[in-house]
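Below, each chain spelled out in residue letters.
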Amino acid sequence: MKQTIMVVEDDQMIRNLIGIYLKKNSYEVVEASDGEEAKTVFLAHRPCLIILDLMLPKVSGEEFCTWIREQAHNEVSVIMLSAKVRIDDRITGLKLGADAYMTKPFDPNELIAQVEAVLRRTGQFCQKIVYEGLCIMPRKGEVVLYGKDIKLTKYEFNLLYYFMQNPDIVLSREQLMEQIHPNMESSIMDRTIDAHIKKLREKIEDYPSKPKRVQTVRGMGYKFVSDK
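The rules behind these values
Residues numbered from 1 in each chain as written. Predicted model: local features only at pLDDT ≥ 70, side-chain atom pairs only at ≥ 80, totals over all residues. Heavy atoms only, no water. Pairing = 2+ DSSP bridges. Helix = DSSP H or I, 4+ residues; strand = E, 2+ residues; numbered from the N terminus. Axes fitted to C-alpha atoms, helices over the stretch in contact; angles between N-to-C directions. Parallel < 35°, antiparallel > 145°, perpendicular 65-115°, else oblique. Left-handed = near helix turned anticlockwise from the far one by under 90°. Contact = heavy atoms within 4.5 Å. Nonpolar A, V, L, I, M, F, W, Y, C, P; charged D, E, K, R; others polar. Buried < 20%, exposed > 50% of the residue type's maximum accessible area, 1.4 Å probe, protein only. Polar contact = N/O pair within 3.5 Å; in protein donor to acceptor, adjacent residues only side chain to side chain.

Undergrad: Can you break down the pairing of strand β12 (residues 221-224) residue by residue, with the values?
TA: Sheet topology places strand β10 (residues 170-171) next to β12; 2 bridges connect them, and they run antiparallel. Within the sheet, the bridge partner assigned to leucine 171 lies in β12 and is tyrosine 222. Judged from the 4 bridges that link them, strand β11 (residues 214-217) and β12 form a sheet pairing that is antiparallel. Along β12, the bridge assignment pairs valine 217 with glycine 221. The turn linking β11 back onto β12 is made up of 3 residues, and glycine 219 within it adopts a positive phi angle of 80°.

Undergrad: Residue-level account of the packing of helix α6 (residues 154-165) against helix α7 (residues 173-180), with values.
TA: Relative orientation of the contacting elements α6 and α7 amounts to 125°, with a least axis distance of 9 Å. It follows that α6 is oblique to α7 by the angle criterion. Relative to α7, the crossing made by α6 is right-handed. The segment α6 lies against α7, with Tyr155, Asn158, Leu159, Tyr162 and Phe163 engaging Gln175, Leu176, Gln179 and Ile180. The residue inventory of the contact of α6 with α7, partitioned by class, reads 6 nonpolar, 3 polar and no charged.

Undergrad: Could you give an account of the environment of leucine 52, with specific residues and numbers?
TA: Here leucine 52 shows up in strand β3 (residues 49-53). Accessibility expressed as a relative area gives 0% for leucine 52, which makes it buried. Sequence separation between leucine 52 and asparagine 183 is 131 residues; the distance between their C-alpha atoms is 49 Å. With residues up to four places along the chain from it excluded, the contact list for leucine 52 reads Val8, Gly61, Phe64, Cys65, Val78, Ile79, Met80 and Leu81.

Undergrad: I'd like a rundown of the side chain of threonine 122, residues and numbers included.
TA: Along the chain, the position of threonine 122 falls in helix α5 (residues 108-122). Given a relative accessible area of 10%, threonine 122 falls into the buried group. In this structure the side chain of threonine 122 is engaged in a polar contact, spanning 2.7 Å, whose partner is the side chain of serine 77. A distance of 2.9 Å separates a polar atom in the side chain of threonine 122 from the backbone oxygen of valine 118. Those residues in contact with threonine 122 that lie beyond four places of it in its chain are Ser77 and Asp99.

Undergrad: Provide a residue-level description of the environment of glutamine 124, including the pertinent values.
TA: Mapped onto the elements of the fold, glutamine 124 is located in the loop between α5 and β6 (129-131). Counting along the chain gives 76 residues from glutamine 124 to cysteine 48, while the straight-line C-alpha distance between them is 9.8 Å.

Undergrad: So what's going on with the sheet that holds strand β1 (residues 4-8)? Residues and values would help.
TA: Read from one edge of the open sheet, 5 strands run β2-β1-β3-β4-β5, paired in parallel fashion. Each of the sheet's edge strands pairs with one partner strand only, and the pair in question is β2 (28-32) and β5 (100-103). Strand-to-strand twist in this sheet, taken as the mean axis angle between neighbours without regard to direction, amounts to 20°. Strand direction decides the pairing type here: β1 and β2, joined by 5 bridges, are parallel. Bridge assignment links threonine 4 to a residue of β2, and that residue is glutamate 28. Sheet contacts for helix α3 (residues 61-70): β1, β3 and β4 (77-82); angle to β3, the most-contacted strand, approximately 155°.

Read these as spatial facts, not as claims about activity.
This is how it looks when you write it as structure tokens:
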């Protein structure tokens, strides 16, 4: 999957310019125009890196950066953009948790170089899959739903990881069983998978009886829906 970068910038022209260069370099881009919106976008997408303007409406860039560092699972890199050029301002930004600090105006190619340099240093934190607030971190064995830790059993975790690796694809019970119980007899396959799915839905769905994420495809199996 492509790495996701969030651009938090109230100037639409600058935001669009940064987005064009990021997409050209094969990054997924999500955007926010103020600090309040940025919180919602962050929880929904859990980006690998944030390009953050400091002078934002509603919630300042400094306040947003502080909020980020207070969140659980906050392993996200931050590049600050600012018209503030004094050394004291740079030091303050770095102390707030920024991985890099660039002043405006900036060269977009230099920004991309900074993005690549930061991700080379911190890329191990970006090994995760995210869909609409649901984030699975396979190396850490953790799952977060809109900032809230979700406790899964080993089987539920492996099942969800397989689903999220194969979004919008119908997976048969046989395929799912092979992922979590490779040596189990087929005679008890269906009810075992159905029981795991039921428990998983209770933890990740708003309404488990009307699931939007893990849906049943009658006569075929199950599908993880990525666009709901």
